[in-house]
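# Structural overview for review
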Amino acid sequence: MVHEKWMKLAIDEAKKSGDDVPIGAVIVKDGKVISAAHNGREKLGSPTAHAEMLAIEYAAQKLGTRRLTGCMLYVTLEPCPMCAGAIMLSGINTLVFGAFDEQYGCCGSLYCLPEDPAFSSNVKVIGGILEKECAKLLNDFFAERRF
């Protein structure tokens, strides 16, 4: 039930994405939200302004360290390779995501970079939390743009 609580906050954050693909991320430490972000690629004009990347940056600023040890990241869509790498390098302990991404997902769908034993730092990955709700945000967003 705890995962659902935080994922609902990530869903709320995704709804703030505006013209960007609705993806939200929340970083939690010791039962408290450290940072929250939504996709900002269009608004910020940056290809790296994914919700996860922004949430990681905000959390590092708030905690005053690049090491996010003890943190959990909740994100509405399975992270891409770029975000999966950043999650690993940040020191986040656990990644929890909602919808699977069969096209770019690098945390279970196409590959699971954060759990690859070839790397010295692994991240526990839990997928499919509130999957239907997270997928609906994306499906609704793209359905509006196809007509």
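Throughout what follows, the structure given in this document is the object of discussion. Quantities reported herein were computed from a predicted structural model and do not represent experimental measurements.

## Some words on the overall build of the protein
Check the secondary structure of the protein and you find five helices and five strands. The helix and strand sequence of the protein, counted from the amino end, reads α-β-β-α-α-β-α-β-β-α. Its C-alpha radius of gyration of 14 Å places the protein within 12% of the 15 Å reference for a compact globule of 147 residues. Counting only C-alpha atoms, the protein reaches 45 × 35 × 30 Å along its principal axes. The buried share of the protein, taken over its 147 residues, is 48%. Contacts in the protein between residues far apart in sequence, at least 24 positions, make up 56% of those at least 6 positions apart. Surface summary for the protein: the accessible area is close to 7,800 Å², and the carbon and sulfur share equals 55%. Seen as two clouds, the 16 positive and the 18 negative side-chain charges of the protein have centres 7 Å apart.

## Quick notes on the sheet that holds strand E5 (residues 124-126)
Read from one edge to the other, the open sheet built from five strands follows the order E2-E1-E3-E4-E5, with strand pairing classed as mixed. Whereas interior strands pair on both sides, the edge strands pair on one side only; in this sheet they are strand E2 (32-38) and E5. Going from strand to strand, the sheet's axes swing by 15° on average, the running direction of each strand aside. The pairing of strand E4 (residues 94-99) with E5 spans three bridges and is classified as parallel. Looking at the pairing, threonine 94 lines up with lysine 124 of E5.

## Examining a nonpolar patch on the surface
Residues Leu110, Tyr111 and Phe119 make up a contiguous nonpolar surface patch of about 300 Å² in total accessible area. Checked against the element boundaries, tyrosine 111 lands in the loop between E4 and E5.

## A short note on the nonpolar core
Core analysis: the largest hydrophobic core is formed by 47 residues, its most contacted members being Met7, Ile27, Leu68, Ile92 and Leu95. Taken together, the elements giving at least two residues each to this core come down to helix H1 (2-14), strand E1 (24-29), E2, helix H3 (51-63), strand E3 (71-77), helix H4 (81-90), E4 and helix H5 (131-146).

## Points about the packing of H1 against H5
H5 packs onto H1 with a crossing angle of 5° between their chain directions and a minimal axis gap of 11 Å. As far as their axial angle goes, H5 and H1 are roughly parallel. Across the interface between the two elements, Met7, Ile11 and Ala14 from H1 touch Glu133, Cys134 and Leu137 from H5. Among the residues forming the contact of H1 with H5, the class breakdown is five nonpolar, no polar and one charged.

## A word on the packing of H3 against H4
Put simply, H3 and H4 touch, their axes get as near as 9 Å, and they point 20° apart. Here H4 runs roughly parallel to H3, going by the angle between their axes. Read as a crossing pair, H3 and H4 show a hand that is left-handed. Here Glu52, Met53 and Ile56 of H3 lie close against H4, whose contacting residues are Met82, Cys83, Ala86, Ile87 and Ser90. Per-class residue counts for the contact of H3 with H4 are six nonpolar, one polar and one charged.

Definitions and limits used
Residues numbered from 1 in each chain as written. Predicted model: local features only at pLDDT ≥ 70, side-chain atom pairs only at ≥ 80, totals over all residues. Heavy atoms only, no water. Helix = DSSP H or I, 4+ residues; strand = E, 2+ residues; numbered from the N terminus. Rg over C-alpha atoms; globule rule 2.2 N^0.38 Å. Buried < 20%, exposed > 50% of the residue type's maximum accessible area, 1.4 Å probe, protein only. Contact = heavy atoms within 4.5 Å. Areas by Shrake-Rupley, 256 points an atom, 1.4 Å probe, with all protein chains shown as cover. Lys, Arg positive; Asp, Glu negative; His and termini not counted. Charge placed at Lys NZ, Arg CZ, Asp CG, Glu CD. Pairing = 2+ DSSP bridges. Axes fitted to C-alpha atoms, helices over the stretch in contact; angles between N-to-C directions. Patch = residues over 30% accessible without salt bridge, like charges linked within 9 Å, V, L, I, M, F, W, Y side chains within 5 Å. Salt bridge = Lys/Arg side-chain N within 4 Å of Asp/Glu carboxyl O. Core = buried A, V, L, I, M, F, W, Y, C linked by side-chain atoms within 4.5 Å. Parallel < 35°, antiparallel > 145°, perpendicular 65-115°, else oblique. Nonpolar A, V, L, I, M, F, W, Y, C, P; charged D, E, K, R; others polar. Left-handed = near helix turned anticlockwise from the far one by under 90°.

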